[in-house]
Amino acid sequence: MSRKPRKAVFPVAGLGTRFLPATKAVPKEMLTVVDKPVIQYAVEEAAEAGIDHFVFVTGRGKGAIEDHFDLAYELEATLKARGKTAEIELLKPSRPAAGAASFVRQQEPLGLGHAVWCARDIVGDEPFLLALPDMLIHGASGCFTQMMEVYERHGGNVIAVEEVPHEHVSRYGVVALNEKFDDRTHSITGMVEKPKREDAPSNLIISGRYILQPEIFAKLEILKPGAGGEIQLTDAMIELIAEQDFYSYRFEGTTYDCGDKIGFLSANVALALSRPDIASKFRPVAELLLKQ
Ligand code: G1P
């Protein structure tokens, strides 16, 4: 039986230059979609899937993320004194249990693979979840919850994938598939990071959610820089495909790339329209704006 992942890794060291000046003093992961920071959506998705330890790979200027996932003692004491129990409830999902959040710094921006490698000592010799928080995935059931079901059936490594228009493949990691297990699950035979459109093996892209075995760290350790001169996680996974099973899973849900202005704005509109407490007030405003 496959060991159940207990920890999730969140690389959050990126500079967020696409959102300057907003990200001059505020980490891009703390920008809000409706009323929650982008990072909290990924953390809640992992918690829903049964994860109980959250590992953040941070960098300079990211202290607000540590404060966010901590007990805000003065705030909670003030809310309690004022009898604001509903507001105290709102804070709970951003307060992991004592000792259940770890922070490690990626000192230099050497790539996603390097960021993941920085978490090796905290993850240890266990399978783990990896979430790229920019990719906000919204659906009835969390993407990680769906992936865990695949993992329980097959073990190995599970990668969330989705179809994109062929002209967009060069922005992502792209997978090559082989055997089909069900409509959403295939075995992966290859991958390529940021291929030219004509070299892409498919239009199924890696969507920023992974379940990985700890052997990935040894591959990352000796990896040479790849696409964009960066240490690429995809290249380490390519090495591991020769030794372990990799499964692609086409999840149910919609992805919003919050690292991009249009994706971020779309996430705000879509999630506001899906929120029972806001939708009825927001919809007529949004419709009016579109008519202008
Ligand atoms: C990273 C991964 C890529 C994946 C993408 C999803 O790229 O390297 O394989 O498809 O995230 O957002 P990045 O966006 O960091 O360039």
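Scoring rules and cut-offs
- Residues numbered from 1 in each chain as written.
- Predicted model: local features only at pLDDT ≥ 70, side-chain atom pairs only at ≥ 80, totals over all residues.
- Heavy atoms only, no water.
- Core = buried A, V, L, I, M, F, W, Y, C linked by side-chain atoms within 4.5 Å.
- Buried < 20%, exposed > 50% of the residue type's maximum accessible area, 1.4 Å probe, protein only.
- Helix = DSSP H or I, 4+ residues; strand = E, 2+ residues; numbered from the N terminus.
- Contact = heavy atoms within 4.5 Å.
- Disulfide = S-S within 2.5 Å.
- Expected span 1.5 Å × (residues − 1).
- Arc of directions from axis to C-beta.
- Polar contact = N/O pair within 3.5 Å; in protein donor to acceptor, adjacent residues only side chain to side chain.
- Salt bridge = Lys/Arg side-chain N within 4 Å of Asp/Glu carboxyl O.
- Near = heavy atom within 4 Å.
- Nonpolar A, V, L, I, M, F, W, Y, C, P; charged D, E, K, R; others polar.
- Phe/Tyr/Trp six-rings, centres within 6.5 Å; stacked < 30°, edge-to-face > 60°.

(A) Geometry of the nonpolar core. If you look at the biggest cluster of nonpolar residues, it comprises 31 residues, and the most contacted ones within it are Ile159 and Met237. Elements supplying a minimum of two residues to this core: strand 4 (53–58), helix 5 (112–117), strand 6 (128–131), strand 8 (157–163), strand 10 (185–193), strand 11 (204–212), helix 8 (216–221) and helix 9 (233–241). Setting aside chain neighbours within four positions, we find Met237 in contact with Ile159, Met191, Ile206, Tyr210, Leu212, Ile216 and Phe246. Listed in part, the 28 residues of the second largest apolar core include Ala42, Phe56, Cys143 and Met148.

(B) Main features of the state of the cysteines. Enumeration according to the criterion identifies zero disulfides in this entry. Free of any disulfide, Cys143 has its nearest neighbouring cysteine sulfur in Cys258, separated by 14 Å. Judged by relative accessible area, which is 1%, Cys143 ranks as buried.

(C) Geometry of helix 10 (residues 261–274). Between its terminal C-alpha atoms helix 10 stretches 20 Å, which fits the 20 Å expected from 14 residues at 1.5 Å a residue. Looking only at helix 10, the buried set comprises Gly263, Phe264, Ala267, Leu271 and Ala272. One side of helix 10 holds all its buried residues, which, seen down the axis, span an arc of 160 degrees. Exposed residues on helix 10 whose side chains face more than 90 degrees from its buried face are Ile262 and Leu265. Packing partners of the buried residues in helix 10 comprise strand 2 (32–33), helix 1 (38–48), strand 7 (135–138), strand 13 (254–257) and helix 11 (279–291). Sitting at the amino-terminal end of helix 10 is Asp260, which places a side-chain oxygen 3.1 Å from the backbone nitrogen of Ile262.

(D) Broad picture of the pattern of salt bridges. Taken as a whole and judged by the stated rule, the model has 14 salt bridges. Arg95 serves as the salt-bridge partner of Glu76, at 2.7 Å between the closest nitrogen and oxygen. Of this pair, Glu76 sits in helix 3 (residues 73–81) while Arg95 sits in the loop between helix 4 (85–91) and strand 5 (101–105), and the two are 19 residues apart along the sequence. Since its relative accessible area comes to 12%, Glu76 is described here as buried. When the shortest N-O distance is used, the salt bridge between Glu89 and Lys92 registers 2.8 Å. Here the residues in one salt-bridge network are Arg6, Lys7 and Glu126, joined through shared partners.

(E) Fine view of the site of the ligand. As a matter of local geometry, the ligand sits amid Leu112, Leu132, Met135, Tyr172, Gly173, Glu193, Lys194, Ile206, Tyr210, Gln232 and Thr234. Within the backbone of Gly173, one N or O atom sits 3.0 Å away from an oxygen atom of the ligand. Thr234 is positioned such that a nitrogen or oxygen atom in its side chain is 3.5 Å from an oxygen atom of the ligand. Among the residues making up the shell around the ligand, the classes are represented as six nonpolar, three polar and two charged.

(F) Expanded view of the packing of aromatic side chains. Enumeration according to the criterion identifies seven aromatic pairs in this entry. Both rings, one in Phe10 and one in Phe56, keep their centres 5.2 Å apart while their planes meet at 25 degrees; by these two values the pair is stacked. Here Phe10 is found in strand 1 (residues 7–11), whereas its partner Phe56 is found in strand 4, with 46 residues between them in sequence. Exposure remark for Phe56: the relative accessible area of 0% places this residue in the buried category.

(G) Spotlight on helix 7 (residues 143–154). In this model helix 7 runs 17 Å from its N-terminal to its C-terminal C-alpha over twelve residues, within 8% of the 16 Å that 1.5 Å per residue would give. Phi for Gly155, located one or two positions after helix 7, is positive at around 70 degrees.

(H) Molecular detail of the side chain of Gln232. Inspection of the secondary structure puts Gln232 in the loop between helix 8 and helix 9. Leave out the neighbours within four places in its chain, and Gln232 touches Gly113, Glu193, Leu223, Gly226 and Ala227.

Structural measurements only, silent on function.
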